[in-house]
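# Descriptive analysis of the structure
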Amino acid sequence: MEANKSAATRPIVAGMRPISAPSLPAIQALGPEHLGATREAQPTLYWRLAADTDVPVELTLIAEEAAEPLLELRVPDPRAGVHALSLADHGVRLAPRTPYLFFASLVPDERRRDDDVVSGAGVVYASADAALEAALAAAPEARRAHVLAEAG
């Protein structure tokens, strides 16, 4: 899968916790430490919350070079666990070879956004070449994730 090489080697935000928010649960946008690649224009993105909280979660998807997000969602009463965000459910499509940043944030005070607990992951939509598509078609379903990982 061919992606923007400069973006692919740049680390993605792993998580930032302001000193003023030590009691908030950990939140994590799930993805690799580098720009992750997807073969789908409307992938499902995942995030994890360590504990139930009454602090809202904000989910944001933005193209790396864009001024405005493609998607901003508020989860008002989030529960602990791993959660899925289907871009198809929200009518959002990724453009090919464009790096996107996905952020999951706890927002304790809407007026003081510097208190947010933020985690981010990167994703790029890149269609697979014919050789990779053939390898995926030939692989048993349980092995397909390994084929993709080996292809980068």
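Before any of the text, the structure's been laid out above.
Only a predicted model underlies this, so the values are computations on that prediction, with no experimental measurement involved. Every chain is numbered on its own, with residues counted from 1 as its sequence reads. Predicted model: local features are reported for residues with pLDDT of at least 70 only, side-chain atom pairs are reported and counted for 80 or more only, and whole-chain, interface and lining totals are derived from all residues. Remark: hydrogens and water are excluded; side-chain values derive from all non-hydrogen atoms of the structure.

## A few points about the overall build of the protein
- Helix and strand definitions here come from DSSP, where helices need a minimum of 4 consecutive H or I residues and strands a minimum of 2 consecutive E residues; each element is numbered from the N-terminal end. Helix and strand content of the protein: three helices and eight strands.
- The helix and strand sequence of the protein, counted from the amino end, reads α-β-β-β-β-β-β-β-β-α-α.
- Only protein chains enter the area calculation, which uses a 1.4 Å probe; residues under 20% of their type maximum are buried, those over 50% are exposed, and those in between are partly exposed. Of all 152 residues assigned to the protein, the portion counted as buried reaches 38%.
- The contact rule is simple, with two residues in contact once any of their heavy atoms fall within 4.5 Å. Of the contacts formed within the protein by residues at least 6 apart in sequence, a portion of 67% connects residues at least 24 apart.
- Entry remark: accessible area of the protein is about 8,600 Å², with carbon and sulfur atoms responsible for 53%. To be clear on the numbers: accessible area is Shrake-Rupley with a 1.4 Å probe, and residue cover counts the displayed protein chains and nothing else.

## Brief notes about unusual backbone geometry
- Despite not being glycine, Arg 97 has its phi angle at roughly 60 degrees, a positive value.
- Its location among the elements puts Arg 97 in the loop between β6 (81-86) and β7 (99-106).
- Its relative accessible area of 54% is what places Arg 97 among the exposed residues.

## Some details on the nonpolar core
- Buried Ala, Val, Leu, Ile, Met, Phe, Trp, Tyr and Cys residues that are joined via side-chain atoms within 4.5 Å together make up what is termed a nonpolar core. Residues Ile 27, Trp 47, Leu 61, Phe 102 and Leu 106 are the most contacted members of the largest nonpolar core, which totals 25 residues.
- Elements represented by at least two residues in this core include exactly β1 (27-30), β3 (44-49), β4 (57-63), β7 and β8 (117-125).
- Setting aside anything within four residues of it in sequence, one finds Phe 102 in contact with Ala 29, Leu 45, Tyr 46, Trp 47, Leu 59, Thr 60, Leu 61, Leu 85, Ser 119, Gly 120 and Ala 121.

## A closer look at the sheet that holds β3
- Strands qualify as paired when DSSP identifies two bridges or more between them. Across the sheet, three strands lie side by side as β1-β3-β6; this open sheet has antiparallel pairing. Unpaired on one side and paired on the other, β1 and β6 mark the two borders of the sheet. Ignoring strand direction, the axes of neighbouring strands in this sheet form an average angle of 25 degrees.
- Where β1 lies against β3, four bridges are found, and the strand directions are antiparallel. Across the sheet, Leu 30 pairs through a bridge with Tyr 46, a residue of β3. Axes here mean lines fitted to C-alpha atoms, for a helix over just the part in contact, with angles spanning 0 to 180 degrees between N-to-C directions.

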